[in-house]
Amino acid sequence: MAGGGRRPEHRGPPELFYDERGARKYRENSRVAEIQAQMAARAVELLALPEGQPCLLLDVGCGSGLSGEHISEKGHCWIGVDISRAMLDVAVEREVEGDLLLADMGNGIPFRPGTFDGCISISAVQWLCNADKKSHNPPKRLYQFFSTLYNALARGSRAVLQLYPENSEQLELITAQAMRAGFTGGMVVDYPNSAKAKKFFLCLFVGASGILPKGLGTECADGQEIHQAKFTNERIRFRNTKGKSVKKSRDWILEKKERRRRQGKEVRADTKYTGRKRRPQF
C-alpha cells in the first residue's frame, strides 16, 4: 500500500485504490521504485538498529515489497502487512524474501507482544484518517493500530512511519493517538523548506524516550537548526503562566473537550454556557 513518493489522492478505500491496475504501475514504474527505496532507506536509518545484528522488522503497508527489498539488503528479516491483495500478489511475483500477510492495519497488528525489533511504514498510515465505511471511526482505528503496534514491538525499539498528512489537524490526530497508545517520540521532517523533497517521518519510541533524530536539510543559512516537533506521553499540567490556559477556565475546558473529540470520545456540544461559572444558590 506504499505510496511510492507521491501524495496519494483519496479515491475510496486503499484496497480498491491499489487494485490490479494500481499494482501494475508499481511493478512497471522505475521512478516509483527509486523513490520508494529512498524513503525505505531513510526509515531504516532512523530506526537506529544495532550494527551487525540481524533484526526482525515489520513493514506496515508493505505493498509490492519495494521497502522490504531494502530491509533484506541490510541483512534483516521482515514481515509485511497490507490490505491490498493485488499489491501482495505483485510482491509474490517479485519473489521478495519477507513473509506477507493480508490484513487491515486499522483492525490492529495481529502479532504476539515483543515480536519485532522495529517497524517501518511508507505512505500508509494517513489512510487510517479516512472513513471509507460507515463502521470506520478514524480515531478508534488509529488507536487500535498504535496500541497493538506498541505491544508487538520489543521494549527499547522504534517505529518509523513515513506519511503524507493532508493538514495539521490530521497530523495532530495521528500523533495524539500514538501518544495515547504509549509511544513517545516526534515528527522528523526532512528538507522542510522544499516543496518536492519534504518528507514527514513519525519517529516513535517504545519504552524510554530516545533522542529525536535530526531531519535532513534542517539547517538554516545562518547555521541554526529548525526545531522538530517532539512529544511525550507525560500528562501536561496547565499552569497560570503566559501562553498557558488557566485550569478550569473556558479555554482550558474547550481544549480538553477538543482533545477528547480527537480521541473518538463523545463530548457535549460547545455552547455559550461552556465554562461559565454558575451563581451560588441559596
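Look a little higher up for the structure.
Residues numbered from 1 in each chain as written. Predicted model: local features only at pLDDT ≥ 70, side-chain atom pairs only at ≥ 80, totals over all residues. Heavy atoms only, no water.

### Things to note about the overall build of the protein
- What the protein contains, in helices and strands, is eight helices and eight strands.
- Of all 282 residues assigned to the protein, the portion counted as buried reaches 48%.
- Across the protein, the fraction of contacts at a sequence separation of at least 24, relative to all contacts at a separation of at least 6, is 64%.
- Surface accessibility of the protein: about 16,100 Å² in total, with carbon and sulfur atoms responsible for 47%. (Helix = DSSP H or I, 4+ residues; strand = E, 2+ residues; numbered from the N terminus. Buried < 20%, exposed > 50% of the residue type's maximum accessible area, 1.4 Å probe, protein only. Contact = heavy atoms within 4.5 Å. Areas by Shrake-Rupley, 256 points an atom, 1.4 Å probe, with all protein chains shown as cover.)

### Brief notes about the pattern of salt bridges
- On inspection of all chains with the given rule, the structure shows six salt bridges.
- For Arg 31, the salt bridge goes to Glu 34, with nearest N and O atoms at 3.5 Å. Placement of both Arg 31 and Glu 34 in helix H3 (residues 30–47) is noted, with a separation of three residues, approximately one turn of the helix.
- Overall, the relative accessible area of 48% leaves Arg 31 in the partly exposed class.
- Of the residues examined, Glu 34 reaches a relative accessible area of 41% and is grouped as partly exposed.
- One salt bridge connects Arg 42 with Glu 45, and the closest N-O pair in it is separated by 3.4 Å. Note that Arg 42 and Glu 45 are positioned in helix H3 at a spacing of three residues, about one turn of the helix.
- Judged by its relative accessible area of 52%, Glu 45 falls in the exposed class. (Salt bridge = Lys/Arg side-chain N within 4 Å of Asp/Glu carboxyl O.)

### A word on helix H5 (residues 85–93)
- Of all the positions in H5, only Ala 86, Met 87, Leu 88, Val 90 and Ala 91 are classed as buried.
- With its phi angle positive at about 55°, Glu 95 sits one or two positions after the end of H5.

### Comments concerning the pairing of strand E2 (residues 77–82)
- Within E2, five of the six residues are buried, which leaves it mostly tucked inside the rest of the structure.
- Sheet topology note: the strand E1 (residues 56–60)/E2 ladder contains five bridges and is parallel. Looking at E2, one finds that Leu 57 is bridged to Trp 78.
- Note on the crossover from E1 through helix H4 (residues 66–73) to E2: the handedness is right-handed.
- When E2 meets strand E3 (residues 99–102), the two strands line up parallel, connected through four bridges. Its bridge partner being in E3, Asp 82 is matched across the sheet by Leu 102. (Pairing = 2+ DSSP bridges. Right-handed = clockwise from strand over helix to strand, strands pointing away.)

### Concerning helix H7 (residues 168–180)
- Taking 1.5 Å per residue as the helical rise, H7 with its 13 residues ought to reach 18 Å, and the 18 Å between its terminal C-alpha atoms agrees with that figure.
- Turning to H7, its buried residues number three or more, namely Gln 170, Leu 171, Leu 173, Ile 174, Thr 175, Ala 176, Gln 177 and Ala 178.
- The opening residue of H7 is Asn 167, an N-cap whose side-chain oxygen sits 3.2 Å from the backbone nitrogen of Glu 169. (Expected span 1.5 Å × (residues − 1). Polar contact = N/O pair within 3.5 Å; in protein donor to acceptor, adjacent residues only side chain to side chain.)

### Comments concerning the nonpolar core
- Grouped together as the largest cluster of nonpolar side chains are 35 residues, with contacts concentrated most on Phe 145, Phe 146, Leu 149, Leu 161 and Phe 183.
- At the level of elements, E1, E2, strand E4 (116–122), helix H6 (138–152), strand E5 (153–163), H7, strand E6 (184–190) and strand E7 (199–205) are the ones that each hand at least two residues to this core.
- Broken down by element, the residue count for this core peaks at six residues, all from H6. (Core = buried A, V, L, I, M, F, W, Y, C linked by side-chain atoms within 4.5 Å.)

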